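Coordinate inspection notes
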Amino acid sequence: MEYAELGQGGPAVSRLGLGCEPLGGTDWGSVDARQAAAAVGRALDLGITLFDTADVYGLGRSEERLSEALGQRRHEVVIVSKFGVAWESDEGGGRAKTRRDCSPAHVRAALEASLRRLRLERVPVYLIHWPDPATPVADTMAALLQCQSEGKIGVIGVSNFPTALVAEARRSGPVTAIEVSYSLIDRAAEQELLPDARAARAGVIAYGTLAQGLLGGRYGPDSRFGEDDRRHRLAHFAPDAWPRNRELLGRLERTAREIGHGVAEVAIRWVLEHSAVTCAIVGARSPGQVEANARALGWRLDPGSRQFLCASAP
């Protein structure tokens, strides 16, 4: 396992993190809850210490199930949780209605609820999940800093924030961690956000590393997803995306064969080798998937392979 400091003054974390949204049991199709929980145990065995969740994943279920799967070791690892998406009850069986809410009152309520579900006294890394246009980020940061002063938050960060809004948040207090979508198929963060994070010495947690499984090589243009699986509505799984996908996957497959690694391993390794990235989080539904993802560690891409892959990326 590889480890690094998550930003200036942040905790030491494994460079591969486990994305725990599947534990919530929603928006990923059919998920075997026991296998997903077993993936958490296998991640611990392999030295993974960063576990990424959010209060909205499964409307609290991801946090609860993560706490159960970690057991007493929940106090030893770095749990990243997020807030800022409020929801109405889905007791009627329909899809829950959500809305952005980063108001000071919601900061406090959301944090207290996450602490109860996680069975912790402090969330090691607490992120604003999405910007809330109705709430000045300075007001959200003030509430977070107050909770931090009370010992309920380790370090504060943001997720899905544009660079200008990160800078605005930073004027109110330390933004130690930044979570951002970043992969071979989504390189937008390279333009401003990643250089800015590196200059500010903020830790970067990359999500979407495998583009929701696309870069693992398991799916093709004939793959179909139900309405309970978010991939049915993602642009990079749409029919018109496949000419680009084929070209990129072809280069990934060629590189993987030449260097003796799996396609997913190469895609994860590519993300980890960006100088601004601290940790790549990858979801897993089973212990075997965790083991496969961990094979992205302990080696480096040669410059020629990296250049070959970059040339193909959008």
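Report follows, based on the coordinates. Every chain begins its residue count from 1, and numbering advances along the sequence as written. Residues qualify for local features only when their pLDDT is at least 70, as the model is predicted, and side-chain atom pairs are given and counted only at 80 or more; totals for whole chains, interfaces and linings, by contrast, use all residues. The side-chain values count all of the structure's non-hydrogen atoms but skip hydrogen atoms and water molecules.

Description of the packing of aromatic side chains
Aromatic contacts are taken between Phe, Tyr and Trp rings whose centres are within 6.5 Å, Trp giving its six-membered ring; a plane angle under 30 degrees counts as stacked, one over 60 as edge-to-face, and the others as tilted. Evaluated as defined, the whole model comprises two aromatic pairs. For the pair Tyr 182 and Trp 270, a centre-to-centre distance of 5.4 Å together with 35° between the ring planes defines the contact as tilted. Taken together, the positions of Tyr 182 in the loop between strand S10 (177–181) and helix H6 (193–200) and Trp 270 in helix H8 (residues 263–272) put the pair 88 residues apart, joining distant regions of the chain. There is no split in this pair, since Tyr 182 and Trp 270 are both buried. Runs of E in the DSSP output that reach at least two residues are strands. Runs of H or I that reach at least four are helices, and both are numbered from the N terminus. Between buried and exposed lies partly exposed: a residue is buried under 20% and exposed over 50% of the maximum accessible area for its type, with that area taken using a 1.4 Å probe on protein chains only.

Remarks on the environment of Pro 243
With respect to the helices, strands and loops of the structure, Pro 243 is situated in helix H7 (residues 242–259). Taking the relative accessible area as the measure of exposure, Pro 243 reaches 54% and is therefore exposed. Spatially, the C-alpha atom of Pro 243 lies 43 Å from that of Val 123, the residues being 120 residues apart in sequence.

Considerations on the packing of helix H2 (residues 61–70) against helix H3 (residues 104–118)
Comment: axis = line fitted to C-alpha atoms, over the contacting stretch for helices; angle = value between 0 and 180 degrees taken between N-to-C directions. Running from amino to carboxyl end, H2 crosses H3 at an angle of 35°, the nearest separation of the two axes being 7 Å. Residues Glu 63, Glu 64, Leu 66 and Ser 67 of H2 lie in contact with H3, whose contacting residues are Ser 114, Arg 117 and Leu 118. Side-chain classes follow a simple rule in which Ala, Val, Leu, Ile, Met, Phe, Trp, Tyr, Cys and Pro form the nonpolar group, Asp, Glu, Lys and Arg form the charged group, and the remainder, Gly included, forms the polar group. For the contact of H2 with H3, the residue count by class is two nonpolar, two polar and three charged. Should any heavy atoms of two residues lie within 4.5 Å, those residues are considered in contact.

Some thoughts on the sheet that holds strand S5 (residues 78–83)
The sheet built from eight strands closes into a barrel, its strands ordered S3-S4-S5-S8-S9-S10-S11-S12 with parallel pairing. Neighbour-to-neighbour, the strand axes of the sheet open up by a mean angle of 30°, direction not taken into account. At least two DSSP bridges between two strands are required for those strands to pair. Bridge count between strand S3 (residues 16–19) and strand S4 (residues 50–52): two bridges; the pairing is parallel. Residue pairing in the sheet places Gly 19 in a bridge with Asp 52 of S4. Helix-sheet contacts for H6 involve S10 and strand S11 (203–207), and the interaxial angle to S10 is about 165°.

A word on the pattern of salt bridges
Salt bridges are counted wherever a side-chain nitrogen of Lys or Arg sits within 4 Å of a carboxyl oxygen of Asp or Glu. Under the criterion given, the structure shown has 18 salt bridges. A salt bridge links Glu 247 to Arg 251; the nearest nitrogen and oxygen atoms lie 2.8 Å apart. Taken as a pair, Glu 247 and Arg 251 lie in helix H7 at a separation of four residues, close to a single helical turn. On the basis of relative accessibility, which here comes to 35%, the residue Glu 247 falls in the partly exposed class. A residue is classified by how much of its surface remains accessible, and Arg 251, at 23% relative accessible area, is partly exposed. One salt bridge connects Glu 273 with Arg 300, and the closest N-O pair in it is separated by 3.9 Å. Here Glu 273, found in the loop between H8 and strand S12 (279–283), pairs with Arg 300, found in the loop between helix H9 (287–294) and helix H10 (303–312); they are 27 residues apart in sequence, far enough to count as distant. A relative accessible area of 59% means that Arg 300 is categorised as exposed. Among the ionic contacts, a cluster of salt bridges with common partners joins Glu 2, Arg 15, Arg 269, Glu 273 and Arg 300.

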